[in-house]
Amino acid sequence: MGDRLKNTKSAPLVRKAPQQGPATGPELELVTSVSSLHLLEDTEPQEGRTFKMDPDSGYITVSRPTLQTVHTTPTPDEIQEAQSMIDTLQTELSTAEESGDIALQFDINCKIGDLYQHKLQQPNKAVMYYEEMLTSAQEMHNKAKVAMTYGKIAVALDVSKKHKEAMWNHDRMMEIQKELGNKDGIAACHINIASSLIHTGNFSEAVTHYESVMELVKERNNKQHQLELAQTLGNLHHKKLGDPKTAFKYYTQVLKLGEELKDWKTMVSACNILGDMQMVEAKDKKAALKYYKHMLAHAEKIHDEESMALSYNRTGVVYGAMGEHVTALLWHQKDIR
């Protein structure tokens, strides 16, 4: 297999025995440089697949990942273990090639690529095996597998900071998901494209893709996904686009959805952010006080002493700014951190 692998640009990909029609694209994982995402780790799209987004990075993780999504430098033992697994898989791959078992070649190349990508953190090497996967998927005329593979290639390219090539593969993924009518896949594609755009500083375009996902999850009345998207959109508008008015709207949605889901921890965080925005940006001390006291009430429900202490501190600061220094001192004295 070694001499079969060659460096390629991955965009556009030229394949033997391509499937009919335009080469189209996948569902993804995503880059390890900030947070990783794993979509469609298995070989077929599935209804009911759920995802969870990191509010800061915007990356998505699948509900039941098969590989570690938080990457650290592999230890010598981990490197040795992964290399041993690759050696074994290479032997199995040779046998599959001799027998002409294309489906088995697809699966083994997937496993080897994933080991290089996730365990050894060698995305360029992973791409070589993912491209072999793509060849097999196209020979099988299996659009779902072609889609999955484009996603894996896109992820590895994003990790390698080859974002232009990655975006080409993301676009191929979107084409296939739309052709298949897979709304879960379309949503995942929008999120992964947005994540890739964030890498290159295209925050406005990223927002457009996240808003498209918001419409899709609203159709299904999925409150948890709406909450996660609202967090991400709020953070983008607030921290990246300098649009506190729109950010406030999304953070307010987070607070409302958190209440509906009885997610007290999220409500604590939302109240803190909203209070800070009212105090620092809107200069509305009374409104800030309201949010900080709500923050305290929610923190007390989950016995979150650190957030309670933060609320005491914030409330004291507001009273001090209002000239009520005795009251401010009493609140500061409650700070138990």
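In this text, all values refer to a predicted model and were calculated from it rather than measured experimentally. (Residues numbered from 1 in each chain as written. Predicted model: local features only at pLDDT ≥ 70, side-chain atom pairs only at ≥ 80, totals over all residues. Heavy atoms only, no water.)

## Re the nonpolar core
Okay, so step 1: By size, the foremost hydrophobic cluster in this structure holds 50 residues, and its most contacted members are Tyr 210 and Leu 255.
Okay, so step 2: The element contributing the most residues to this core is helix H7 (residues 203–219), with eight residues.
Okay, so step 3: Apart from residues no more than four positions distant in its own chain, Leu 255 is found in contact with Met 267, Ala 270, Cys 271, Leu 274 and Tyr 291.
Okay, so step 4: Of all hydrophobic cores here, the second largest spans 28 residues; its members include Val 127, Tyr 130, Leu 134 and Leu 157. (Core = buried A, V, L, I, M, F, W, Y, C linked by side-chain atoms within 4.5 Å. Buried < 20%, exposed > 50% of the residue type's maximum accessible area, 1.4 Å probe, protein only. Helix = DSSP H or I, 4+ residues; strand = E, 2+ residues; numbered from the N terminus. Contact = heavy atoms within 4.5 Å.)

## A few points about the side chain of Asn 235
Okay, so step 1: Tracing the sequence through the fold places Asn 235 in helix H8 (residues 223–240).
Okay, so step 2: Look at Asn 235 and you get buried, because its relative accessible area is 10%.
Okay, so step 3: Reaching out from Asn 235, the side chain makes a polar contact with the side chain of Tyr 251 at a distance of 2.6 Å. (Polar contact = N/O pair within 3.5 Å; in protein donor to acceptor, adjacent residues only side chain to side chain.)

## A closer look at the pattern of salt bridges
Okay, so step 1: Tallied over the entire structure, the rule returns eight salt bridges.
Okay, so step 2: Across the pair Glu 219 and Lys 183 runs a salt bridge whose closest N-O atoms are separated by 2.9 Å. Here Glu 219 is found in helix H7, whereas its partner Lys 183 is found in helix H6 (residues 183–199), with 36 residues between them in sequence.
Okay, so step 3: Overall, the relative accessible area of 54% leaves Glu 219 in the exposed class. (Salt bridge = Lys/Arg side-chain N within 4 Å of Asp/Glu carboxyl O.)

## Observations regarding the packing of H8 against helix H9 (residues 244–260)
For any two helices packed against each other, one specifies the crossing angle of their axes together with the interaxial distance.
Okay, so step 1: At their nearest, the axes of H8 and H9 sit 8 Å apart, and the two run at 155 degrees to each other. Classed by the angle they form, the pair H8 and H9 counts as roughly antiparallel. The two elements H8 and H9 cross, and the hand of that crossing is left-handed. Facing Lys 223, Gln 226, Leu 227, Ala 230, Gln 231, Leu 233, Gly 234, Asn 235, His 237 and His 238 of H8, the residues of H9 in contact are Thr 246, Ala 247, Tyr 250, Tyr 251, Gln 253, Val 254, Leu 257, Gly 258 and Glu 260.
Okay, so step 2: For the contact of H8 with H9, the class distribution of residues is eight nonpolar, nine polar and two charged. (Axes fitted to C-alpha atoms, helices over the stretch in contact; angles between N-to-C directions. Parallel < 35°, antiparallel > 145°, perpendicular 65-115°, else oblique. Left-handed = near helix turned anticlockwise from the far one by under 90°. Nonpolar A, V, L, I, M, F, W, Y, C, P; charged D, E, K, R; others polar.)

## Here we look at the packing of aromatic side chains
For any two aromatic rings, the description comes down to two numbers: the centre-to-centre distance and the angle of the planes.
Okay, so step 1: One pass over the full model with this rule turns up four aromatic pairs.
Okay, so step 2: Measuring from centroid to centroid gives 6.1 Å for Tyr 150 and Trp 168, while their planes differ by 70 degrees, and the two rings are edge-to-face. Here Tyr 150, found in helix H4 (residues 143–159), pairs with Trp 168, found in helix H5 (residues 163–180); they are 18 residues apart in sequence, far enough to count as distant.
Okay, so step 3: By relative accessible area, Trp 168 is classed as partly exposed at 22%.
Okay, so step 4: Directly above the aromatic system of Phe 106 lies the positively charged group of Lys 145, at a separation of 5.1 Å from the ring centroid.
Okay, so step 5: The ring centre of Tyr 291 lies 4.7 Å from the NZ or CZ of Lys 290, which sits over that ring. (Phe/Tyr/Trp six-rings, centres within 6.5 Å; stacked < 30°, edge-to-face > 60°. Lys NZ or Arg CZ within 6 Å of the ring centre and 35° of its normal.)

## A word on the confidence of the model for the protein
Okay, so step 1: With 78% of its residues at a pLDDT of 70 or more, the protein has an overall mean of 82.
Okay, so step 2: pLDDT under 50 marks residues 2–70. Its contacts with residues more than four places away, or in other chains, come to 233 contacts. (pLDDT = per-residue confidence, 0-100.)

## Here we look at the packing of H4 against H5
Okay, so step 1: Running from N to C, H4 and H5 cross one another at 155 degrees; their axes reach a closest spacing of 8 Å. In terms of orientation, H4 and H5 fall into the roughly antiparallel class. Crossing handedness for the pair H4 and H5: left-handed. Two secondary-structure elements touch here, H4 through Lys 143, Ala 144, Val 146, Ala 147, Tyr 150, Ile 153, Ala 154, Leu 157 and Asp 158 and H5 through His 163, Glu 165, Ala 166, Trp 168, Asn 169, His 170, Arg 172, Ile 176, Gln 177, Glu 179 and Leu 180.

## Describing H5
Okay, so step 1: End to end, H5 covers 25 Å across 18 residues, agreeing with the expected 26 Å (1.5 Å per residue, within 8%).
Okay, so step 2: For H5, the full list of buried residues reads His 163, Ala 166, Met 167, Asn 169, His 170, Arg 172, Met 173, Met 174, Ile 176 and Gln 177.
Okay, so step 3: Looking one or two residues past H5, Gly 181 carries a phi angle of roughly 70 degrees, positive in sign. (Expected span 1.5 Å × (residues − 1).)

## Comments concerning the environment of Phe 248
Okay, so step 1: Within the secondary structure, Phe 248 is located in helix H9.
Okay, so step 2: Along the sequence, Phe 248 and His 237 sit 11 residues apart, while their C-alpha atoms lie 8.8 Å from each other.
Okay, so step 3: With residues near it in sequence (within four places) discarded, Phe 248 still touches Leu 274, Met 277, Gln 278 and Tyr 291.

## Digging into the environment of Leu 289
Okay, so step 1: Turning to its location among the elements, Leu 289 is positioned in helix H11 (residues 285–301).
Okay, so step 2: Overall, the relative accessible area of 11% leaves Leu 289 in the buried class.
Okay, so step 3: Separated by 28 residues in sequence, Leu 289 and Val 317 place their C-alpha atoms 9.5 Å apart.
Okay, so step 4: Here Leu 289 is in contact with Thr 315, Val 318, Tyr 319 and Met 322, once residues within four sequence places are set aside.

## With respect to unusual backbone geometry
Okay, so step 1: The phi torsion at Lys 262 lies on the positive side, around 55 degrees, for a residue other than glycine.
Okay, so step 2: Inspection of the secondary structure puts Lys 262 in the loop between H9 and helix H10 (264–281).
Okay, so step 3: Taking relative accessible area as the criterion, Lys 262 reaches 58% and is therefore assigned exposed.
Okay, so step 4: Here Lys 283, not a glycine, exhibits a phi torsion of approximately 55 degrees, which is positive.
Okay, so step 5: Its location among the elements puts Lys 283 in the loop between H10 and H11.
Okay, so step 6: In this structure Lys 283 comes out as exposed when scored by relative accessible area, which is 59%.

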